[in-house]
Amino acid sequence: MSKAVRRELDNGLTAIVRSQKGVPIGSFWVWYRVGGRNEVPGITGISHWAEHMLFKGTHEMQAGEVFRQVSAAGGSLNGFTWIDFTTYFETMPIDQIDLSLKIESDRMVNARFDEDEVASERTVIISERRGNENQPTFFLSEEVSAAAFRAHPYGQGVIGHMSDLEGITRQELYSHYQTYYRPNNAVAVFVGDLDEDEAFARIERAFGAVERGPEIPAVRTREPEPQGERRVTVRRPAPNRVLQMAFLATNAAHADAPALMIADAILSGAKSIGLSGAGGTLGRSSRLYRSLVSTGLASSAGSSVSLTIDPSLFTIGASLQPDSDPDQIESIVSEELARLATEPVPEDEFNRALRQMRAQIAYAMETVTSQAYWLGSMAIAAPQRDSDEFLRELQAVTPADVQAVAARYLTPNRRTVGWLIPIDEASNGAASE
Amino acid sequence: MSNDVSNHSSQFDETMPLVIDTQLSNGIRVATLAINPPRPSDVAVVRVRIPNGSALDGNLAGVARFTGGMLTRGSDGRAFDDLAEELDGLGASVSVSVGGEATDIAMMSLAEDSDRVLEIMSGMILRPDFPEREIDIVRGQMLSGLRQSRNSTRAEADRIMRQTLYPEGHPYHQRSGGTEESLAAIDREALVKFHATSYQASDVIVTVAGGMSHDESVALIDRHLGQWRGKTPRVDIHPADYPSALALHSESLPGKTQSDIAMGLPALNRSHPDYYSLSLANLVIGRFGLMGRLGESVRERQGMAYYTFSNLEAGLSVGLWTAHAGVAPVNVDGAVESIRKEVQGFIDGGPTEREFRDSIGSILGALPISLETSGSMAGVAADVLYYDLGNDYLRRYRSIISALTPDELQAAAREHIDPDKLVVAVVGPDGSRN
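Residues numbered from 1 in each chain as written. Chains lettered and ligands numbered in written order. Predicted model: local features only at pLDDT ≥ 70, side-chain atom pairs only at ≥ 80, totals over all residues. Heavy atoms only, no water.

### What about the overall build of chain B?
Along the backbone of chain B there are 15 helices and 13 strands. Over its C-alpha trace chain B gives a radius of gyration of 23 Å, about what one expects of a compact globule, namely 22 Å for 434 residues. Projecting the C-alpha coordinates of chain B onto the three principal axes gives extents of approximately 60 × 55 × 35 Å. Per-residue burial over chain B gives 58% buried out of 434 residues. Surface accessibility of chain B: about 16,500 Å² in total, with carbon and sulfur atoms responsible for 48%. Between the mean site of the 39 positive side-chain charges and the mean site of the 58 negative ones, chain B shows a separation of 2 Å. (Helix = DSSP H or I, 4+ residues; strand = E, 2+ residues; numbered from the N terminus. Rg over C-alpha atoms; globule rule 2.2 N^0.38 Å. Buried < 20%, exposed > 50% of the residue type's maximum accessible area, 1.4 Å probe, protein only. Areas by Shrake-Rupley, 256 points an atom, 1.4 Å probe, with all protein chains shown as cover. Lys, Arg positive; Asp, Glu negative; His and termini not counted. Charge placed at Lys NZ, Arg CZ, Asp CG, Glu CD.)

### Let's talk about the nonpolar core
The biggest cluster of nonpolar side chains holds 71 residues, and the ones touching the most others in it are Ile261, Tyr276, Tyr393, Tyr397 and Ile401 of chain B. Here this core gets eight residues from one element, more than from any other, and that element is helix 9 (residues 275–286) of chain B. When neighbours within four sequence positions are excluded, Ile401 of chain B is seen to be in contact with Tyr276, Ile360, Ile363 and Leu364 of chain B. Core analysis: the second largest hydrophobic core is formed by 55 residues, Ala257, Met261, Ile266 and Val402 of chain A among them. (Core = buried A, V, L, I, M, F, W, Y, C linked by side-chain atoms within 4.5 Å. Contact = heavy atoms within 4.5 Å.)

### Here we look at the packing of helix 12 (residues 347–364) of chain A against helix 2 (residues 80–90) of chain B
The interhelical angle for the contact between helix 12 of chain A and helix 2 of chain B, taken along N-to-C directions, is 55°, at an axis separation of 6 Å. Judged by the angle between their axes, helix 12 of chain A and helix 2 of chain B are oblique. Note on element contacts: helix 2 of chain B touches helix 12 of chain A through Glu85, Asp88, Gly89 and Leu90 of chain B, opposite Arg352, Arg355 and Gln356 of chain A. Of the residues assigned to the contact of helix 12 of chain A with helix 2 of chain B, the class counts are one nonpolar, two polar and four charged. (Axes fitted to C-alpha atoms, helices over the stretch in contact; angles between N-to-C directions. Parallel < 35°, antiparallel > 145°, perpendicular 65-115°, else oblique. Nonpolar A, V, L, I, M, F, W, Y, C, P; charged D, E, K, R; others polar.)

### A short note on the domain arrangement of chain B
All names here are of chain B. Split into domains, chain B comes out as domain 1 (17–225) and domain 2 (247–428). Here domain 1 and domain 2 have C-alpha centroids that lie 27 Å from each other. At the interface, 37 residues of domain 1 touch 43 residues of domain 2. In this assembly, domain 1 packs against domain 2 so that about 3,400 Å² is buried in total across both faces, 65% of it on carbon and sulfur atoms. The largest contributions to the domain 1 side of the interface with domain 2 come from Val19, Glu101 and Thr153, which together make up 17% of the buried area. There are two salt bridges connecting domain 1 and domain 2. Note that Arg162 and Glu313 form a salt bridge whose closest N and O atoms lie 2.5 Å from each other. (Domains from an automatic or database assignment. Buried area = accessible area lost by both parts, 1.4 Å probe. Salt bridge = Lys/Arg side-chain N within 4 Å of Asp/Glu carboxyl O.)

### With respect to the sheet that holds strand 10 (residues 259–266) of chain B
Pairing is mixed across the open sheet formed by five strands, whose spatial order is 9-13-10-12-11 (chain B). The open sheet has two free edges, formed respectively by strand 9 (247–252) and strand 11 (305–314) of chain B, since each of these has just one partner strand. Between one strand and the next, the sheet's axes are offset by a mean angle of 15°, whatever the strand orientation. Pairing analysis gives five bridges linking strand 10 of chain B to strand 13 (residues 423–428) of chain B, with the strands arranged antiparallel. Across the sheet, the residue bridging to Met263 of chain B is Val424 of chain B, located in strand 13 of chain B. Helix 4 (residues 115–133) of chain A rests against strand 11 and strand 12 (319–327) of chain B of the sheet, and its axis sits at about 70° to strand 11 of chain B. (Pairing = 2+ DSSP bridges.)

Below, the structure is given as structure tokens:
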């Protein structure tokens, strides 16, 4: 696999290219440094809504044309919004890739945000939120995030509060778009069957004339150090109790990030670094699986760590079996974390985690789409890091590093403990266990 | 109407790979894709397809899935923890997926470990131990899955639609994940018996992708599965009767804010001559771009739903055409009517010239992307053999699709999808329907 090369255009657009020969396809992405992180109360969810509007027409293309033209060319496409970014991609037969560059350079500045389309999309976005609310664990995640961040906008999530979705105006959406959709706030990534210089030349042709915008408003707030454990409870009709335990950890640029990913692998298996979990499901010999699932106490258990611009959460979750004791589950999780912080991980177990990580990287690198996803997400979360080097850093983590990060971050004082408790709505909210 | 595939078989697309297959002495067919030039890969995938899905459940709903779930939980005298530790140590996975017709067991590993992982996987398939303790754990997980399905508006709507279409006594009427009663009744003896009768070598398809030649793949599979013997039992999966009128079923679930709609009709199986026409018609109706005409009407124009789409499931024996949407309770009736109207509109007018051209471009252009990974190559090869599509299918595919006409798409929709006979299931908050 050739190395990814990064260049910056005169207008501030960061371009990353990896030439990958073999299959005649290419994946092209544009990432914007805007998401839930850049929102304030009153306009929560606006980045995600703006993303929807970028499929609703530009001065060049009618609403729906992006989906039609890319699909007709045999491509796949999507857009999605997260706390740190909003991104759009097309994976295409390589002889059609210019269509992707044309679409993305056009909608970087020419989206229309028609009043009628904004009105129609409001109900679609509300429907998306309502669909999430049909899952009782959605409320739990929302409450845990809100409690874990008392200052930083990460606590607001991405989808937005219902009141804000009902109130956001066309002008607010358009202003948000004009502020953040600028080449100097974007990263273009191409991976596929083009020579490196040819790919850069095409990106330059498509985006070179887009004007640089004003400086992007900085996110000032840093989450204060937690001063003790926080607890939240969600009571909803649900099939079983669910635990979420979230620890304020660190950011992707921090030297501790690779060790936290290995700690996560030891607790519940190495995760995919590709798009949509490309790769295998590993970790049935992991510590949380053995202590919670193999014992029959939980039907599933896992952990996750995010690579983000600002410090975010290291989360542990468990879906309980009906007759399991919640206190026992919490104790077991706490004991596992204390063990990680106080005892070095035995060599064979540690090597299993490293091998899983190596395999997950190989699985994700099979597709140009996942490669581009990895390059883009790292360029957003930790622009100063070399994403290829990060993969090597993962392999260089030691048991002492894992012990150190567990002791530093996975402590009771840094945690928010959330419980979803099933209720029987028919009996006025009485617990139904 | 029909599409005579053989008429176009002379127009080969030489850029597409042939499927090479070799039959072992025990009847197993081993297939690979002949990618030329060979593509080096760090990732190996072996997929084993056994024609023993949930249709064989009989009066023990869920036994096929329960048995599938037990394969990885102890075999060859080795405990689950021991096996999981070795697989995790290799960064490899073995996954089991039980459908209505077949069980797919797939391993994925780094190419250098494929021999060892296949040895483990073959033990899981041929010699599972069914330890009592692991049976209890898998039962607990299936019960948990059942509770979660019952709490999901989407899953429940889909279940009601299917159970209505497939009447009692049909192998697809039952919950393939079982019920509280059936899962309690499935004991070790039942699992051992299902495995002994239904995990047989004949009719098994094994596909291999990633860093190995065809001959190497055949040798590898022969070494690990060559001793497997026996004949898989057949079950008659007859088509469901076509409903005589539109039927609406609704249920409510507490604590929900949105309603999910599932509607469906019996359609055709994979070998039906109308398959390609109906498949393209379905693409136009509810898949192309942002969920086809349904997406354009229900989401884009009316803003009623975040998602709506249609689907054509065509198995070896039977098939279903389905449509789905998630909407606010107040919009349920409007969404159902809009979906029916869009289907009727297609039946009356067929695809526009542009829709027809776009949908052809879409599926032909996507072909190289569908062969990008070892996993997708193994999946495509398995389907080619399973549905008996011919070893040159990928080379003929362009001509099969290019030979279709707009009239054929319209006629297929008219023949197979009657919007006045749909079975409609709605699950949401109280008062889901006006």
